[in-house]
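Summary of the model geometry
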Amino acid sequence: MSISSYPFDGQAVSEGQYSYLFRELASHSGVADSVSGTGFRTYGDSSGMQVKVSPGFGVVRGHGVQSTATETLTIAAASAAQRYDRVVLRLDPTANSITLAVVQGTSGGGVPALTQTDTGVFEFPLATVTIPVGASTISAGNVSGERRFLGNTVGGWTTATRPENPRTGRLGLNTSTNRWEFWTGTAWSDLAPTINWGTVEGRPSTFPPAAHSHAWADITAKPTQFQPVPHVHHWNDIGMKPSVFPPANHSHPWGAITQKPSTFPPSSHSHSQYLEPGDTISWANGSKKPHSNSASGSGTWYAVWVEGNGTFCRNTSSIKFKENVRDYDIDPDDVLSLRPVIYDRKDQLEEDGSVKVGRKNEVGFIAEEVEASGLDWMVNYLDGEVDGLRYDLLGVALVPVVQRQEAQIKSLTERLAALEAKLS
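Structure report, in brief. Source: prediction; values computed, not measured. (Residues numbered from 1 in each chain as written. Predicted model: local features only at pLDDT ≥ 70, side-chain atom pairs only at ≥ 80, totals over all residues. Heavy atoms only, no water.)

If you tally the helices and strands in the protein, you get four helices and 22 strands. Within the protein, the proportion of its 424 residues that are buried is 24%. A sequence separation of at least 24 residues applies to 47% of the contacts in the protein between residues at least 6 apart. Carbon together with sulfur atoms contributes 53% to the accessible area of the protein, which is approximately 31,400 Å² in total. (Helix = DSSP H or I, 4+ residues; strand = E, 2+ residues; numbered from the N terminus. Buried < 20%, exposed > 50% of the residue type's maximum accessible area, 1.4 Å probe, protein only. Contact = heavy atoms within 4.5 Å. Areas by Shrake-Rupley, 256 points an atom, 1.4 Å probe, with all protein chains shown as cover.)

Let us look at the pairing of strand β13 (residues 179–183). Taken together, the four bridges between strand β12 (residues 171–174) and β13 define a ladder with antiparallel strand orientation. Bridge assignment links Asn174 to a residue of β13, and that residue is Arg179. Counting the residues in the hairpin turn of β12 and β13 gives four residues, including Asn178, whose phi is positive at 60°. Sheet topology places β13 next to strand β14 (residues 188–190); three bridges connect them, and they run antiparallel. Looking at the pairing, Trp183 lines up with Trp188 of β14. The antiparallel pairing of β13 with β14 creates a hairpin that spans four residues between the two strands, and Gly185 there sits at a positive phi of about 110°. (Pairing = 2+ DSSP bridges.)

Another aspect to go through is the pattern of salt bridges. The tally for this structure, following the rule as stated, stands at twelve salt bridges. Among the ionic pairs, Glu362 bridges to Arg345, the shortest N-O distance being 2.9 Å. Within this pair, whereas Glu362 is found in strand β20 (residues 362–364), its partner Arg345 is found in the loop between β17 (341–343) and β18 (348–349), the two being separated by 17 residues in sequence. Residue classification places Glu362 among the buried residues on the basis of a relative accessible area of 14%. Within the structure, one salt-bridge network assembled from shared partners comprises Arg345, Arg359 and Glu362. (Salt bridge = Lys/Arg side-chain N within 4 Å of Asp/Glu carboxyl O.)

Turning our attention to the sheet that holds β13. Whenever strands of a sheet pair, they do so through backbone hydrogen bonds, lying parallel or antiparallel. The four strands lie next to each other as β11-β12-β13-β14, forming an open sheet whose pairing is mixed. Each having just a single partner strand, β11 (156–157) and β14 make up the two edges of the open sheet.

The next subject is helix α4 (residues 394–423). In this model α4 runs 43 Å from its N-terminal to its C-terminal C-alpha over 30 residues, within 8% of the 44 Å that 1.5 Å per residue would give. Those residues of α4 not exposed but buried are Leu394, Ala397, Pro400 and Val401. Tucked inside the fold, the buried residues of α4 contact α2 (332–336). (Expected span 1.5 Å × (residues − 1).)

In this section: the environment of Glu385. On the secondary structure map, Glu385 appears in strand β22 (residues 385–389). Taking the C-alpha atoms as reference points, Glu385 and Glu368, 17 residues apart in sequence, are found 9.8 Å from one another.

The next thing to look at is the pairing of strand β3 (residues 50–53). Regular strands show a simple pattern: their side chains alternate between the two faces of the sheet. Here β3 shows a clear split, with Val51 and Val53 buried on one side and none of Gln50 and Lys52 buried on the other. By the bridge criterion, two bridges tie strand β2 (residues 42–43) to β3 in an arrangement that is antiparallel. If you follow Thr42 over to β3, its bridge partner there is Val53. In the sheet, β3 pairs with strand β6 (residues 71–74) via four bridges, with the strands oriented antiparallel. Considered in β6, the bridge of Val51 is made with Leu73.

This paragraph deals with the side chain of Thr128. Relative to the helices and strands, Thr128 is located in strand β9 (residues 122–131). Setting aside its immediate chain neighbours within four residues, Thr128 contacts Tyr84, Asp85, Arg86, Val111, Asn142, Val143, Ser144 and Glu146.

Core analysis: the largest hydrophobic core is formed by 23 residues, its most contacted members being Val51, Val60, Leu89, Leu126 and Ile138. If you list the elements that add at least two residues to this core, you get β3, β7 (83–92) and β9. In terms of residue count, the dominant contributor to this core is β9 (six residues). In this view, Val60 contacts Ser29, Val65, Leu89, Leu91, Ile98, Phe122 and Phe124; residues no more than four positions away in its chain are not counted. (Core = buried A, V, L, I, M, F, W, Y, C linked by side-chain atoms within 4.5 Å.)

Take the packing of aromatic side chains next. Scanning all chains against the criterion turns up four aromatic pairs. Ring geometry for Tyr328 against Trp377: centres 5.8 Å apart, planes inclined by 90°, an arrangement best described as edge-to-face. With a gap of 49 residues between them, Tyr328 in the loop between β16 (312–314) and α2 and Trp377 in the loop between α3 (367–372) and β21 (379–382) connect regions that are remote in the sequence. The positively charged end of Lys241 is found above the aromatic ring belonging to Trp235, 5.2 Å away from the centroid. Sitting above the plane of the Trp254 ring, Lys260 keeps its charged end 5.2 Å from the centroid. (Phe/Tyr/Trp six-rings, centres within 6.5 Å; stacked < 30°, edge-to-face > 60°. Lys NZ or Arg CZ within 6 Å of the ring centre and 35° of its normal.)

Glancing now at the sheet that holds strand β4 (residues 56–60). Strand order in the open sheet formed by three strands is β1-β4-β5, and the pairing between neighbours is antiparallel. Because the sheet does not close on itself, it has two edges, and the strands there are β1 (30–31) and β5 (63–67). Across two bridges, β1 lies against β4 in antiparallel orientation. Looking at the pairing, Gly30 lines up with Val59 of β4.

With that settled, the discussion passes to unusual backbone geometry. The backbone of Asn96 sits at a positive phi, close to 55°, despite the residue not being glycine. Here Asn96 shows up in the loop between β7 and β8 (97–103). Backbone geometry places Met240, a non-glycine residue, at a positive phi of 60°. Residue placement: Met240 occurs in the loop between β14 and β15 (304–306).

Here you go:
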């Protein structure tokens, strides 16, 4: 018989017939929920290598499936390379069941394909799970939803979860764009597109305007000032004019002065040989006096520091300048991990526009590497960023290394003496 109809009283109706009927009513497989609902929502909560699936109701190829409690699915251990798994509702007509399952991807591969046959196993996607190398737990950020929704229970979908293979004319609200759209048979089209001049058909290429005017406030890209043509003003119309001439003492900003020389040859002058206590040189980032001064003479010698405000000071270490003194543990391994490097300084643009060529083949450390090694107390910071190193503290950092080596040498010497005594 080529024509059949169902269901009727007293008539046997097969599973396949019911499935075909419900597929037409539901249009496609999907979750019976709103786009923002939690029906069959898959998520990770950092509780281990597992994901959880919320309760929900759905239709898969005309078969209903309902979960009344949160289900937990195990995710296989991380692979040698990043892997993608997919959480699905798996319809198996042979087993008469729809179950939650995990389709495991391959190490270093893409998102695995799903089995979707018309009469056999059909896997409906719920989420993709990203498993990074070395992962020991699945967090919320590792799970990306793939749910699609039934058209008769939700007013729309997102761009990523539009119905697959819909009938021509299928209509719904795209919540990603907040626009109504319909299926043309080949693409989703905006039901009420925004019309602008570029989308108007049959528009003229030019418009000869009639005489008209524009309000000043409606004019765009107008200049902020106008250079007027030569004209005169009545003295009484001039505002803010001085009451007497010549005017009283006043000043002009440097930028307002015209015909000023580009350079100024300074007159003869000198500077004091020494700075008084508390004095600073505003242009100095350190003292220029040693440039022509040799290391000779008697008396006390000091290492000179420059404070952040430019003040010169001597480096003091006497106990009379200190309080709250306590031991400070330094891990010798942190010191031994330092990496000496040789490098070139970058060129610098000076204020006068000239280029100061950086020095070549300097030897030292990288401040960020010293900070990361655990010796951040040797690092200088400027405006909250790593800037330089306290190389004078390197000797302090080396003391624990020498002490450990001394202890090792002493232990080895004692063991060697004991061994020689035993052998003799």
